[in-house]
Amino acid sequence: MDRLVRIVVLTGAGISAESGVPTFRDAEGLWHGHRVEDVATPEAYDRQPGLVHRFYDERRAALSSVEPNDAHRALARLEDAVGDELLVVTQNIDDLHERGGSRRVLHMHGRLRSALCRGCRRRFEWTGTLGDRPPCPRCGRRELRPDVVWFGELPYEMDRIHDALARVELFVSVGTSGAVHPAAGFVLYAAAHGARTVELNLVPSAGSHLFDEARHGPASRLVPAWVDELLGRVGPS
Ligand code: BJW
């Protein structure tokens, strides 16, 4: 699986910030006065399901009013040039990578446009609301929750991600604070397996010192410039 991958790009909320999607830990953080660590948990959902549904229903609806930016498009351009050699691993639950043209994207923290049934554990493409407690299309129970990964839950696709990270030549982290594991540890894992590591972030992240190279500024400028540079070196396939 993913035998050809030579570049893994890990993305976080910062890559979508210039599209108008709020980040988690910057000043205008997404949870408005709550620490994300306190509210993005299964326990918080059990306590206040209505509140959590409203929050995700609003974010799902807001997806249709945001567009990919130059950083998303630059990664799609890189994929057009190198094909299966690139894998994007995103912590984001928006669909801006796909709408920007990327095809090989793993959503390790789930997707807004997916619902998970707590009754039968099946997942469904979902563009509507969940707060009104619709029945599961498969088992009929009214147990659908946002198909996202909260603290204490196991992120998706971990075997595939670790397998790719163990073989890549280049690991690049874009727009993530490095505050959340296991994603925050990918840089060390990739480096231990011989990869060169690069951070592209607005400001130095918590783990900035762990990277071989770090560039700071907005993703919509840094990512296209980095892609141009890389394609200048490797040429289109
Ligand atoms: C720009 C920009 C621009 C702005 N251009 N840049 C103690 C030690 C170590 C670990 C743990 C611990 N206690 C508990 C843990 C584990 C825990 C954890 O990490 N906790 C921390 C609080 C310490 N992790 C978990 O529980 C995870 N599961 C787990 O570990 O399972 C066990 C396991 C896994 C694998 C192997 C073995 C065992 C699950 C974590 C789930 C996180 N879920 C969330 C919510 C998802 C749904 C939703 O979206 O609502 O995921 S929390 C939130 O944080 C979201 C994000 O994906 C994630 C990361 O945030 P991100 O993307 O980095 O955003 P920000 O806001 O933090 O940063 C944005 C960055 O962009 C900033 O740096 C800005 O500067 C920058 N930026 N504008 C470029 N224009």
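Above this note sits the structure.
These numbers were taken from a predicted model, which means no experiment stands behind them. Counting starts from 1 at the beginning of each chain's written sequence and moves along it residue by residue. Owing to the predicted nature of the model, reporting of local features is limited to residues with pLDDT of at least 70; listing and counting of side-chain atom pairs is limited to 80 or more, with chain, interface and lining totals taken over all residues. Water and hydrogen atoms were dropped before computing side-chain values, which therefore reflect all heavy atoms in the structure.

A. Summary view of helix α5 (residues 70–82). Numbering of helices and strands runs from the N terminus, with a helix taken as a DSSP run of H or I at least four residues long and a strand as a DSSP run of E at least two residues long. Take the number of residues in a helix, subtract one, and multiply by 1.5 Å to get its expected span. Along its 13 residues, α5 runs 18 Å from first to last C-alpha, staying within 8% of the 18 Å computed at 1.5 Å per residue. When accessible area is computed with a 1.4 Å probe and restricted to protein chains, residues below 20% of their type maximum are described as buried, those above 50% as exposed, and intermediate ones as partly exposed. By the burial criterion, the buried members of α5 are A71, H72, A74, L75, A76, L78, E79, A81 and V82. With a side-chain oxygen lying 2.7 Å from the backbone nitrogen of A71, the N-terminal cap of α5 falls on N69. Directly beyond the C-terminal end of α5, a positive phi value near 60° is found at G83. Throughout this description, a polar contact denotes any pair of N or O atoms lying within 3.5 Å of each other; where both atoms belong to protein, one of them has to be capable of donating a hydrogen while the other can accept it, and for residues adjacent in sequence the pair is counted only when both atoms sit in side chains.

B. Focus on the site of the ligand. Taken together, 37 residues are adjacent to the ligand, and R25, Y56, T176, S177 and H181 come closest. F24 is positioned such that a nitrogen or oxygen atom in its backbone is 2.7 Å from an oxygen atom of the ligand. Contact between the ligand and H181: an oxygen atom at 2.7 Å from a main-chain N or O atom of the residue. Among the secondary structure elements, those contributing two or more residues to the shell around the ligand are α1 (13–17), α2 (36–39) and α4 (49–62). Broken down by element, the shell around the ligand gets its largest block of residues, three residues, from α1. In this classification, Asp, Glu, Lys and Arg are treated as charged, Ala, Val, Leu, Ile, Met, Phe, Trp, Tyr, Cys and Pro as nonpolar, and every other residue, Gly included, as polar. Of the residues in the shell around the ligand, the class split is 19 nonpolar, twelve polar and six charged. Where a domain begins and ends is set by an automatic assignment or by a domain database. Summarising the domain contributions, the shell around the ligand has at least three residues from each of domain 1 (1–21 + 68–109 + 155–237) and domain 2 (22–65 + 111–148). Put simply, a residue is near a molecule or strand once any heavy atom of it comes within 4 Å of that molecule or strand.

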